[in-house]
Amino acid sequence: MSSNHASLMDGVYKSQRHIYDFTRKYYLLGRDQLIFDLKPDYGQTILEVGCGTGRNLIQAARLYPWAKFYGFDISEEMLITARKNIEKARLSDRIILVQGDASNFSCQDLFGIEKMDRVFYSYTLSMIPPWQDAIEQGLKALEKEGSLHIIDFGQQEDLPSFFKTILKQWLKAFHVVPRADLAIKTAEQAEKAGRRHSFKPLYKGYSWGLKAW
Ligand SMILES: C[S@@+](CC[C@H](N)C(=O)[O-])C[C@H]1O[C@@H](n2cnc3c(N)ncnc32)[C@H](O)[C@@H]1O
């Protein structure tokens, strides 16, 4: 899927990337909580899969000045903005960015590092058609004592049904599909990889937070 999906994402973000951080702060909820939960030790490595404009990596690099950060995205358009933002934040020496596809990646090929201590996905799995492959790859990329973190749209299970309908239609316009079986499939994959897992609905199910370790 790589090149078609890359063109699709470039199309979505070519103009959106200029207003992305300002607009998304109002509805990509729970991202800062995920960053707060990463809690890396000294010298540990953190990877964001589908890093977009670099917003999360910048926040995390400021919060954890003792850790090393890596990110990749399938969209070169997004990466243009991410590189600019990271340079502006004077973090280019601590955040390494490359282009890559979450459904088929190897940290060794992308960064020359076999495993990461933390791998996280922030509102990315809802934009990746083979999202289960992306989770499987992330689990493979994890150090034995590492953890994988996910924040994404939930099923709005405790919100009024009209809100749910409007949100789903609106997200569809951006090729975003909240994954109804995200919790079940993540749990299955985590268990297959011999890891524990947790699931936490946030904001009445607007977002879901998941972790495997
Ligand atoms: C909604 S944005 C989220 C960006 C960032 N994680 C955040 O929280 O602000 C989704 C990102 O996933 C990227 N993406 C979509 N499919 C991807 C794939 N197969 N591999 C890597 N990145 C992908 C998009 O290009 C986009 O930058």
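Being a predicted model, the structure only gives us computed values, none of them experimental.

1. Describing the sheet that holds strand S5 (residues 142–153)
Line of reasoning, step 1. A sheet is described by the order of its strands in space; here 7 strands give the open sequence S3-S2-S1-S4-S5-S7-S6, paired in mixed fashion. Each edge of the open sheet carries a strand with a single partner, namely strand S3 (95–99) and strand S6 (197–202). Sheet twist, expressed as the average angle between the axes of neighbouring strands with direction ignored, equals 15°.

2. Considerations on helix H7 (residues 131–140)
Working note: α-helix, 3.6 residues per turn, so residues spaced by three or four point in the same direction.
Line of reasoning, step 1. Taken residue by residue, H7 has Trp131, Ala134, Ile135 and Gly138 as its buried positions. Burial along H7 is one-sided: seen end-on, the buried residues are contained in an arc of 100°.
Line of reasoning, step 2. Contact partners of the buried residues in H7: strand S1 (45–49), strand S4 (116–122), S5 and helix H9 (182–192).

3. Focus on the packing of helix H3 (residues 31–38) against helix H4 (residues 55–63)
Line of reasoning, step 1. Contact geometry for H3 and H4: axes closest at 10 Å, N-to-C directions at 40°. Put simply, H3 runs oblique to H4. You can see that H3 and H4 cross each other, and the crossing is right-handed. Between H3 and H4, the residues in contact are Arg31, Asp32, Ile35 and Leu38 and Asn56, Gln59, Ala60 and Leu63, respectively.

4. So, the nonpolar core
Line of reasoning, step 1. By size, the foremost hydrophobic cluster in this structure holds 49 residues, and its most contacted members are Leu47, Phe69, Met116 and Val119.
Line of reasoning, step 2. Ignoring sequence-local partners within four residues, the contact set of leucine 47 consists of Tyr70, Gly71, Cys107, Met116, Arg118, Val119 and Ala141.

5. Examining the packing of H7 against H9
Line of reasoning, step 1. Here H7 crosses H9 at 35°, and the two axes come no closer than 10 Å. Between H7 and H9 the crossing geometry is right-handed. Contacts between H7 and H9 involve Gln132, Ile135, Glu136 and Leu139 on the former and, on the latter, Lys185, Thr186, Gln189 and Ala190.
Line of reasoning, step 2. Of the residues that constitute the contact of H7 with H9, the class distribution is 3 nonpolar, 3 polar and 2 charged.

Conventions adopted
Residues numbered from 1 in each chain as written. Predicted model: local features only at pLDDT ≥ 70, side-chain atom pairs only at ≥ 80, totals over all residues. Pairing = 2+ DSSP bridges. Helix = DSSP H or I, 4+ residues; strand = E, 2+ residues; numbered from the N terminus. Axes fitted to C-alpha atoms, helices over the stretch in contact; angles between N-to-C directions. Buried ≥ 20, exposed ≤ 12 C-beta atoms within 10 Å, placed from the backbone. Arc of directions from axis to C-beta. Contact = placed C-beta atoms within 7 Å. Parallel < 35°, antiparallel > 145°, perpendicular 65-115°, else oblique. Left-handed = near helix turned anticlockwise from the far one by under 90°. Core = buried A, V, L, I, M, F, W, Y, C linked by C-beta atoms within 7 Å. Nonpolar A, V, L, I, M, F, W, Y, C, P; charged D, E, K, R; others polar.

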